[in-house]
Amino acid sequence: LQNKRKAKQSFSKTTQIMANKKVLLCGGGNAIHVLTALIGSKPDVDVAVLSTFPGEAERFASSMSEQGIQCLNDLGPDKYGKPIKISDKPEEVVPGSDVIILAIPSFTHELYLRALKPHVKPGVIIGAMPGEGGFDMCARHVLGKEFVDESNVFALETLPWACRILEYGKKVEVLGTKKEIDVVITEGKNASAQQVLELLQNMIGELPKLKPVCNFLAVTLMNINSVWHPTISYAFYRNWDGKPFDEPPLFYYGADEYTGEKLDKVSNEVLSIRTKLQEKYPGLDLSGLHHVRDWMLMSYGDDIGDKSSTYTMLITNKGYRGLTHPTREIDTPEGKKHMPNFKYRYFSEDIPMGLCVTRGIAELAGVPTPHMDDVINWCQSVMDKEFLVDGKFVGKDIGSTRSPQTYGFKDLDTFMRSNNYV
């Protein structure tokens with residue numbers, strides 16, 4: 001009876017905090033389609049969408065059916081939700097927003113935050129799904145320290161689902177829902193971190209279970225996309241002969257044993273950063289930082305057929321079934337073929353806003369990262385960028401990353417204390 005009362009009280013609080021809320025979704029891709037359906041299906045919640053990408057807002061609005069977006073849910077009945085307004089003009093949709101969710105490539109976070117800034121006030125709930133490395137540094141840089149200190153700023157370590165648009169503006173499919181993911185939430189003047197946690201959980205549903213972690217540093221270092229996408233791409237193309245493919249090759253299911261071993265080694269280097277930081281700052285809680293194998297098990301659980309190694313987990317995870325390497329179509333004398341798309345977000349986002357952030361922290365902490373450097377060196381070569389030079393994080397394109405060095409941090413202690421990590 002006591003448990004029932006607690007559950008009822010918790011439900012009542014969550015219902016109260018959700019009631020009459022205006023939620024602004026920023027973006028127009030796969031995740032925004034899912035969020036529009038899930039959140040838009042809830043009573044007493046108004047959903048609006050802001051997309052500043054040229055033509056996207058108009059396309060989104062004109063494609064929308066009367067019933068809104070249908071989300072084919074892998075865990076239950078389909079969901080339908082429709083935004084009250086879709087616009088490319090911040091002044092039309094931002095004012096009055098209680099919750100703002102950025103589900104966009106992380107290299108566009110700063111652009112959106114600058115667009116939002118004139119129309120939001122401190123005390124709002126604002127965050128990113130996912131919050132690729134350094135989102136808190138970016139928010140503090142753009143919105144100001146006072147704004148960030150008074151607001152609830154949050155970040156999910158990864159998206160709650162693997163999903164894809166089936167019909168733009170009409171239908172999206174959730175291929176696999178993760179079981180558990182980490183989320184960091186700061187305290188705000190209008191809501192506690194616990195209230196925001198309940199609100200976010202209510203928005204996305206029972207799964208994945210949102211597990212709160214202590215600070216943004218844990219989420220920054222536990223950036224699974226920054227390990228997954230660049231490392232798998234490096235391992236797959238390391239011996240590529242340059243010839244086009246008949247079909248886009250499988251991304252996860254096309255991995256080999258070397259891929260799994262390289263992922264393990266890069267992940268071990270990230271954990272070495274954790275060890276060094278905890279040695280220097282006793283009591284620093286980075287319990288949300290896990291090896292990629294443990295992350296897979298927590299996120300996908302029984303969806304994985306063979307859990308014996310990172311390699312076998314990659315190729316037997318049903319949530320990864322059918323996902324392919326990003327490619328661009330070309331015409332050849334033999335017909336349509338496919339070449340790698342090295343401008344895709346696996347490179348344009350997960351390197352400067354992901355792995356380079358981790359590498360920058362490693363540089364400040366004095367942790368060697370030879371395997372991470374292998375991946376970055378290969379990626380910067382196909383991206384025509386320069387982040388590493390002779391093993392040092394001093395390349396000419398450092399300023400395009402979200403690394404600590406971009407924000408002027410030159411020593412570990414200043415970095416840790418200025419960002420409230422210790």
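Refer to the structure presented above.
Below is a summary of the structure that appears in this document. (Residues numbered from 1 in each chain as written. Predicted model: local features only at pLDDT ≥ 70, side-chain atom pairs only at ≥ 80, totals over all residues. Heavy atoms only, no water.)

## What about the environment of Ser151?
Positionally, Ser151 belongs in the loop between helix H7 (145-150) and strand S8 (152-156). By relative accessible area, which is 0% here, Ser151 ends up buried. The spacing of Ser151 and Asn190 is 39 residues in sequence and 7.6 Å in space, taken between C-alpha atoms. Once you skip the residues sitting within four places of it in the chain, Ser151 turns out to touch Pro122, Gly123, Val124, Thr186, Glu187 and Gly188. (Helix = DSSP H or I, 4+ residues; strand = E, 2+ residues; numbered from the N terminus. Buried < 20%, exposed > 50% of the residue type's maximum accessible area, 1.4 Å probe, protein only. Contact = heavy atoms within 4.5 Å.)

## A few points about the nonpolar core
Ranked by size, the top nonpolar core spans 89 residues in total, and within it Leu102, Leu113, Leu116, Trp228, Leu277 and Phe415 carry the most contacts. With eight residues, the single largest contributor to this core is helix H15 (residues 351-365). When near neighbours in sequence (up to four residues on either side) are disregarded, Leu102 contacts Cys26, His109, Tyr112, Leu113, Leu116, Ile126, Gly127, Ala128, Met129 and Phe135. If you look at the next biggest cluster of nonpolar residues, it comprises 42 residues, including Leu38, Val47, Val172 and Leu200. (Core = buried A, V, L, I, M, F, W, Y, C linked by side-chain atoms within 4.5 Å.)

## What to know about the pairing of strand S9 (residues 161-167)
For S9 and strand S10 (residues 171-177), the ladder comprises six bridges, and the chain directions are antiparallel. Bridging across to S10, Glu167 finds its partner in Lys171. The loop that links S9 with its antiparallel partner S10 comprises three residues; one of these, Gly169, has a positive phi angle of about 75 degrees. (Pairing = 2+ DSSP bridges.)

## A word on the state of the cysteines
In this structure the tally under the stated criterion is zero disulfides. Looking at the unpaired Cys138, the closest cysteine sulfur is the one in Cys26, lying at 13 Å. Judged by its relative accessible area of 1%, Cys138 falls in the buried class. The thiol of Cys163 is unpaired, and the distance to the nearest cysteine sulfur, on Cys71, comes to 7.9 Å. Judged by its relative accessible area of 14%, Cys163 is buried. (Disulfide = S-S within 2.5 Å.)

## Re the sheet that holds S9
Reading across the sheet, the four strands line up as S4-S3-S10-S9 and stay open at both edges, with mixed pairing between neighbours. If you trace the sheet from one side to the other, it starts and ends with strand S4 (79-81) and S9, each paired once. In this sheet, neighbouring strand axes are inclined to one another by 25 degrees on average, regardless of whether the strands run parallel or antiparallel. In the packing of helix H2 (residues 30-40) onto the sheet, the strands contacted are strand S3 (69-72), S4, S9 and S10, and the crossing angle to S9 comes to about 95 degrees. (Axes fitted to C-alpha atoms, helices over the stretch in contact; angles between N-to-C directions.)

## Let's talk about unusual backbone geometry
Put simply, Met129 and Pro130 share a cis peptide bond, and its omega is -5 degrees. Topologically, Pro130 is positioned in the loop between strand S7 (125-128) and helix H6 (135-143). The omega angle of the peptide bond from Leu207 to Pro208 is 0 degrees, so this bond is cis rather than trans. Summarising the element assignment, Pro208 is placed in the loop between helix H8 (193-204) and strand S12 (209-212). Although it is not a glycine, Asn420 adopts a positive phi angle of roughly 60 degrees. Relative to the helices and strands, Asn420 resides in the segment after helix H17 (412-418).

## Looking at the layout of surface pockets
Here the largest pocket is characterised by a volume of approximately 1200 Å³. Together, 46 residues line the largest pocket, and Asn30, Leu159, Cys163, Tyr344 and Arg345 are the ones closest to its centre. At five residues, the largest contribution of residues to the lining of the largest pocket is made by S9. Looking at the lining of the largest pocket, its residues break down into 25 nonpolar, 15 polar and six charged. (1 Å grid on protein atoms, 1.4 Å probe; cavity = no way out; pocket = protein on both sides within 12 Å on 5 of 7 lines; lining within 4 Å. Points joined across faces, edges and corners; volume = space filled by probe spheres on them. Nonpolar A, V, L, I, M, F, W, Y, C, P; charged D, E, K, R; others polar.)

## Comments concerning empty space enclosed by the protein
Throughout the structure, instances matching the rule amount to two cavities of 30 Å³ or more. In this structure, the largest cavity spans a volume of roughly 60 Å³. What lines the largest cavity is simply Leu221, Met222, Asn223, Ile224, Val227, Ser267, Val270, Leu271, Leu289, His290, His291 and Val292. Those elements that provide at least two residues to the lining of the largest cavity are helix H10 (224-237) and helix H11 (257-280). Top contributing element to the lining of the largest cavity by residue count: H11, with three residues. The residue makeup of the lining of the largest cavity, split by class, is eight nonpolar, four polar and no charged. Put simply, the second largest cavity is a space of about 40 Å³. Mapped by element, the contributors of at least two residues to the lining of the second largest cavity are strand S11 (180-185) and helix H12 (292-300). Looking at the lining of the second largest cavity residue by residue, the class counts come to three nonpolar, two polar and three charged.

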